[in-house]
Amino acid sequence: MHSIAKMPNLLKIKGVIHLLLKFVILGGMLLGLPLTGVYLAGYPLDRYLEFPPQTRYVDHAPFSWLAFTILTMIILAVVLSTAIRGIQGHKKRPHKTVKSTPKPFPQWGWIGLATGIVAWILAWTRFPWFIPYQPHTFSPLWFSYIVVVNALCFRRTGHSLMTDRPGFFLLLFPASAAFWWFFEYLNRFVQNWYYTGVEFDPWPYFWYASLPFATVLPAVLSTKQWLQSANWIKLGYGDIRPIRLSNPRKAAICALLLAAAGLAGIGIWPNHLFPLLWVSPLLILVCLQAFMKERHIFSEMAAGDWRSGVAAALAALVCGLFWEMWNYFSLAKWEYSVPLVHRFVIFEMPLLGYGGYLPFGLECIVIGDMLEKLYNSSILQQTNSQPI
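All of these numbers come straight from a predicted model, not from anything done at the bench.

Novice: Quick one: what's the story with the nonpolar core, residue by residue and with numbers?
Specialist: It is characteristic of soluble globular proteins that their nonpolar side chains tend to be buried jointly. In terms of nonpolar packing, the biggest core is built from 94 residues, with Trp142, Tyr145, Val220, Ile284, Trp323, Tyr357 and Phe360 touching the most fellow members. Ranked by residues supplied to this core, first place goes to helix H6 (residues 166-187) with 12 residues. Excluding anything up to four places from it in sequence, tyrosine 357 contacts Ala313, Ala316, Leu317, Gly320, Trp323, Glu324, Tyr336 and Met349.

Novice: Now, about unusual backbone geometry: what can you tell me, with residues and values included?
Specialist: In this chain, phenylalanine 51 is followed by proline 52 through a cis amide linkage whose omega measures -5 degrees. Tracing the backbone through its elements, the reader meets proline 52 in the loop between helix H1 (2-40) and helix H2 (65-91). Unusually for a residue other than glycine, glutamine 191 sits at a positive phi of about 50 degrees. By the element assignment, glutamine 191 lies in the loop between H6 and strand S1 (193-196). In this structure, phenylalanine 347 is a non-glycine residue whose phi angle is positive, near 60 degrees. On the basis of relative accessibility, which here comes to 31%, the residue phenylalanine 347 falls in the partly exposed class.

Novice: For the pattern of salt bridges, give the residues involved together with the corresponding values.
Specialist: In the structure shown here, the tally under the stated rule is 4 salt bridges. Of the charged contacts in the structure, one is a salt bridge between arginine 165 and glutamate 372, with a shortest N-O distance of 2.3 Å. Placement of arginine 165 in the loop between helix H5 (161-164) and H6 and of glutamate 372 in helix H15 (residues 357-376) is noted, with a sequence separation of 207 residues between them. Each member of the pair, arginine 165 together with glutamate 372, is buried. Residue aspartate 369 is joined to lysine 373 by a salt bridge in which the shortest nitrogen-to-oxygen separation is 3.4 Å. You can see aspartate 369 and its partner lysine 373 sitting in helix H15, 4 residues apart, about one turn around the helix. Looking at lysine 373, the relative accessible area reads 36%, which means it is partly exposed.

Novice: Could you give an account of the side chain of arginine 188, with specific residues and numbers?
Specialist: Tracing the backbone through its elements, the reader meets arginine 188 in the loop between H6 and S1. The buried charged residue arginine 188 lacks any salt bridge, with glutamate 50 as its nearest oppositely charged partner at 4.4 Å.

Novice: How would you explain the packing of helix H12 (residues 276-291) against H15 if you had to name every residue and give the values?
Specialist: Running from N to C, H12 and H15 cross one another at 40 degrees; their axes reach a closest spacing of 9 Å. Regarding the angle of H12 to H15, the classification is oblique. In terms of crossing hand, the pair formed by H12 and H15 is left-handed. Listed contacts from H15 to Trp278, Val279, Pro281, Leu282, Leu285 and Gln289 of H12 are Pro359, Phe360, Leu362, Glu363, Val366, Ile367 and Met370. Of the residues in the contact of H12 with H15, the class split is 11 nonpolar, 1 polar and 1 charged.

Calculation notes
Residues numbered from 1 in each chain as written. Predicted model: local features only at pLDDT ≥ 70, side-chain atom pairs only at ≥ 80, totals over all residues. Heavy atoms only, no water. Core = buried A, V, L, I, M, F, W, Y, C linked by side-chain atoms within 4.5 Å. Buried < 20%, exposed > 50% of the residue type's maximum accessible area, 1.4 Å probe, protein only. Helix = DSSP H or I, 4+ residues; strand = E, 2+ residues; numbered from the N terminus. Contact = heavy atoms within 4.5 Å. Salt bridge = Lys/Arg side-chain N within 4 Å of Asp/Glu carboxyl O. Lys, Arg positive; Asp, Glu negative; His and termini not counted. Axes fitted to C-alpha atoms, helices over the stretch in contact; angles between N-to-C directions. Parallel < 35°, antiparallel > 145°, perpendicular 65-115°, else oblique. Left-handed = near helix turned anticlockwise from the far one by under 90°. Nonpolar A, V, L, I, M, F, W, Y, C, P; charged D, E, K, R; others polar.

Purely geometric stuff here, so don't read any function into it on its own.
Dropping the structure here:
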């Protein structure tokens, strides 16, 4: 009996080890493979480790209609097929649903809206008395956004990430900062974006940058929860025709090898492999989950439940529109230099660049799901835990 009682604890420990192992493997591949690739190609490593990054050393290819057309067709194929499946799913579901009565917009939501408006005004103006604080307006904007979107979710459903799971919600902020620093590192090999407007020494740069980076996961996951509560998501993507793979394990091995090869090559062929900056981390995580026989975002979609994936991709796109808009007139900002497809710019981002937000949203919920499992396995576990 004593050994049987220990089984749940052993299973929990095994689960935590698997989670930590995935984080370690992912981090090792993201950090090591691009650097290994440029080292084997004979490129100087010091320029990829410069901090803060200032030197521009990637010579981006000019715009190409061929590349633009091919990438457009790939994005449209994914978007249109998803939209068609959603329409088909919506048609075969009953349209009469029980409508819940919206709750009043919470007071803390109005506070978030007010602080967001003030932060927006300060970000886009140049008051002399505000000069010392002008470079730091991005974080108040996004803290306000996070509060407001949680308030919108609370108004619709009576639940929100911020109110239901405050411990996990707070954990997302430091995890988000670490999460985005990996993308900053990968960008060193392709240099698709760079920062302008202000300059800092290494340590101030690290701390000042980490604060807005910390808002990425809370913003995307909160927006995803709000979108997923919408009836059109529930009706259109809750019961799609299942997709069956003949050999999912072999597919996972091929995908992992392609992701690893792509990461190793992004610094050598940045003009052609730059999209893998957004796709490879997602493939690595999903493949690791598949190897460990765990459910993952694509297994859910293959089983016919697309709600979480569609809501996550749209959440990142919604956040992306706000990111790019608020960035446009800010003092401390980023600009883009995207090879082959840099045309039809919306704010600072070329049109096809917004396609990168779609896989990024999936990455956010995969990381969020892993963090939630780790959190629920810790001593901080909440009694009533709900899925993201």
